[in-house]
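Observations on the three-dimensional arrangement
Chain by chain, the residues run as shown.
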Amino acid sequence: MAKDLLYQRLLKPLLFHLDPESAHHFAVTALQLANRIPFFFSILEQGLSVPAKELRQTVAGISFQNPVGMAAGFDKSAELYPMLSYMGFASIEVGTITAKAQPGNDQPRLFRFPEKNALINRMGFNNPGADTAFETIRLQKKKAIRGINAGKSKVTPLEEAAQDYAYTFSKLLPFADYAVINVSSPNTPGLRSLQSSKVLEQLVLDIKKALGGKFPVPFFLKFAPDLAIEELIEGLDICLSNQISGVILTNTTLDKSSLNLASPPEGGLSGDPLFDKSLTFVKKAFNHLNGRLPIIGVGGISSGARAVQMVRAGASLLQIYTGYIYKGPFLPKEMNSSLVAELIREKKTNITELVGLNSQ
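What comes next concerns the included structure.

Cut-offs and rules
Residues numbered from 1 in each chain as written. Predicted model: local features only at pLDDT ≥ 70, side-chain atom pairs only at ≥ 80, totals over all residues. Heavy atoms only, no water. Helix = DSSP H or I, 4+ residues; strand = E, 2+ residues; numbered from the N terminus. Rg over C-alpha atoms; globule rule 2.2 N^0.38 Å. Buried < 20%, exposed > 50% of the residue type's maximum accessible area, 1.4 Å probe, protein only. Contact = heavy atoms within 4.5 Å. Areas by Shrake-Rupley, 256 points an atom, 1.4 Å probe, with all protein chains shown as cover. Lys, Arg positive; Asp, Glu negative; His and termini not counted. Charge placed at Lys NZ, Arg CZ, Asp CG, Glu CD. Polar contact = N/O pair within 3.5 Å; in protein donor to acceptor, adjacent residues only side chain to side chain. Pairing = 2+ DSSP bridges. Axes fitted to C-alpha atoms, helices over the stretch in contact; angles between N-to-C directions. Patch = residues over 30% accessible without salt bridge, like charges linked within 9 Å, V, L, I, M, F, W, Y side chains within 5 Å. Salt bridge = Lys/Arg side-chain N within 4 Å of Asp/Glu carboxyl O.

1. Brief notes about the overall build of the chain
Along its length, the chain carries 12 helices and 13 strands. On C-alpha atoms alone, the chain measures out to a radius of gyration of 19 Å, which is about the 21 Å that the 2.2 N^0.38 rule sets for 360 residues. Along the first, second and third principal axes, the C-alpha atoms of the chain reach 55 × 50 × 45 Å. Relative to its full complement of 360 residues, the chain shows a buried share of 56%. Sequence-distant contacts in the chain: of pairs separated by 6 or more residues, those separated by 24 or more amount to 72%. For the chain, the computed accessible surface area is about 15300 Å², with 54% contributed by carbon and sulfur atoms. Of the charged side chains in the chain, 38 are positive and 31 negative; the average position of the first set lies 5 Å away from that of the second.

Shown next as structure tokens:
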């Protein structure tokens, strides 16, 4: 595809000449400038979308035009949602947003490994905080599905985590189609300890209580790929028992053995090396849940073929981030086109009929 080659041969080398965080800021600025050009994104949408009715489905009571979404971490400030809504995504997960504004960890904190199509990040939930995010989001026109991903502020003690999450949700849920409790980032000290079964269940109960005794929108939990399968199953059972609407599998991993480095940077690894682990988690979760909760698959989905694999493993929805960095803006279209082709090959009429076909 000529336009895809334009990214691979011109834009990507330019971006990769910059350090990763500078490249991200450059891309953000370019998108914001392009948004000032009348009809630019409406025209762009025509080239990046696959308007196929067979990709439409209802998940957790929400109608999705296609299964592909932008994962949390790309739009940390909630500023890019309007532009990303025109770029082939049916959903954009904003954040991670914390109750308090925070600059994140010291730089450098984002590292590329192009030979592996991988990133390591130790960003540390850098974001403007819930109050500023509120002012940004309330002025935006709603188009794609918007998820709000919330994390714990670094300065907030673990024992006060529920109130911290609840503050972010209370500010931003009026603009959310769904919400995510992020307890699985490796870059906030102590955060992953909230995944332990008793602590996690109490956290969910306390957040719900702080929000008035019920979740006003569908809530999802995002799990780390470094859990033992037994721990994952415990987490799934907590979701089933506490009105959680779905799960996201998975966050970044601390296992960097695939990079074959003596001293890799600290932080979470994402991209191609994560795919097999995420795929396994999705299969295990799908078999355990038996249709009781939907799964959003994320981690190393960098091609149409991998999108098909993840759906057939049991993911109703997909999210990308690192693959988007390496493959460019046509990746959502490639993924959706491959899913349509798979439906034709399997003689299926809707994406829901592909979910879990290879879960055993």
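2. Some remarks on the environment of Arg-292
Inspection of the secondary structure assignment puts Arg-292 in the loop between helix H9 (275–289) and strand E12 (295–298). On the basis of relative accessible area, Arg-292 is assigned to the partly exposed category, the value being 49%. Expressed as a C-alpha distance, the spacing of Arg-292 and Thr-188, which sit 104 residues apart in the sequence, is 31 Å. Here the side chain of Arg-292 touches His-288 through a polar contact of 2.7 Å, landing on its backbone oxygen.

3. Side note on the sheet that holds strand E6 (residues 118–121)
An order of E5-E6-E11 is seen for the three strands of this open sheet, with the pairing classed as antiparallel. Of all strands in the sheet, those with a lone pairing partner are strand E5 (110–113) and strand E11 (268–271), marking the two edges. Each strand of the sheet is rotated relative to its neighbour by a mean of 20°, with strand direction disregarded. Where E6 and E11 come together, four bridges link them in antiparallel fashion. Residue pairing for E11: Asn-121 is matched across the bridge by Gly-268.

4. Quick notes on unusual backbone geometry
The linkage connecting Gly-95 with the following residue, Thr-96, adopts the cis geometry, with an omega of 15°. Structurally, the position occupied by Thr-96 is in strand E4 (residues 91–97). Here the bond from Gln-107 into Pro-108 is cis, since omega is -5°, no more than 30 degrees from zero. For Pro-108, the position within the fold is in the loop between E4 and E5. Positive phi, normally seen in glycine, also occurs at Asn-117, with a value near 50°.

5. Regarding a nonpolar patch on the surface
Taken together, the side chains of Leu-10, Leu-11, Leu-14, Leu-18 and Phe-26 make up a nonpolar region of the molecular surface, amounting to roughly 440 Å² of accessible area. No other element matches the three residues that helix H1 (residues 2–17) contributes to the nonpolar patch. Assignment of secondary structure puts Leu-18 in the loop between H1 and helix H2 (20–34). For Leu-18, a relative accessible area of 30% puts it in the partly exposed group.

6. Thoughts on the sheet that holds E12
To summarise the sheet geometry, strands pair through backbone hydrogen bonds and adopt either a parallel or an antiparallel arrangement. Taken in spatial order, the eight strands close into a barrel running E3-E4-E7-E8-E9-E10-E12-E13, and their pairing is parallel. When the angles between neighbouring strand axes are averaged without regard to direction, this sheet yields 25°. The pairing of E4 with strand E7 (residues 145–150) spans six bridges and is classified as parallel. For Ile-97, the partnering residue across the bridge sits in E7 and is Ala-150.

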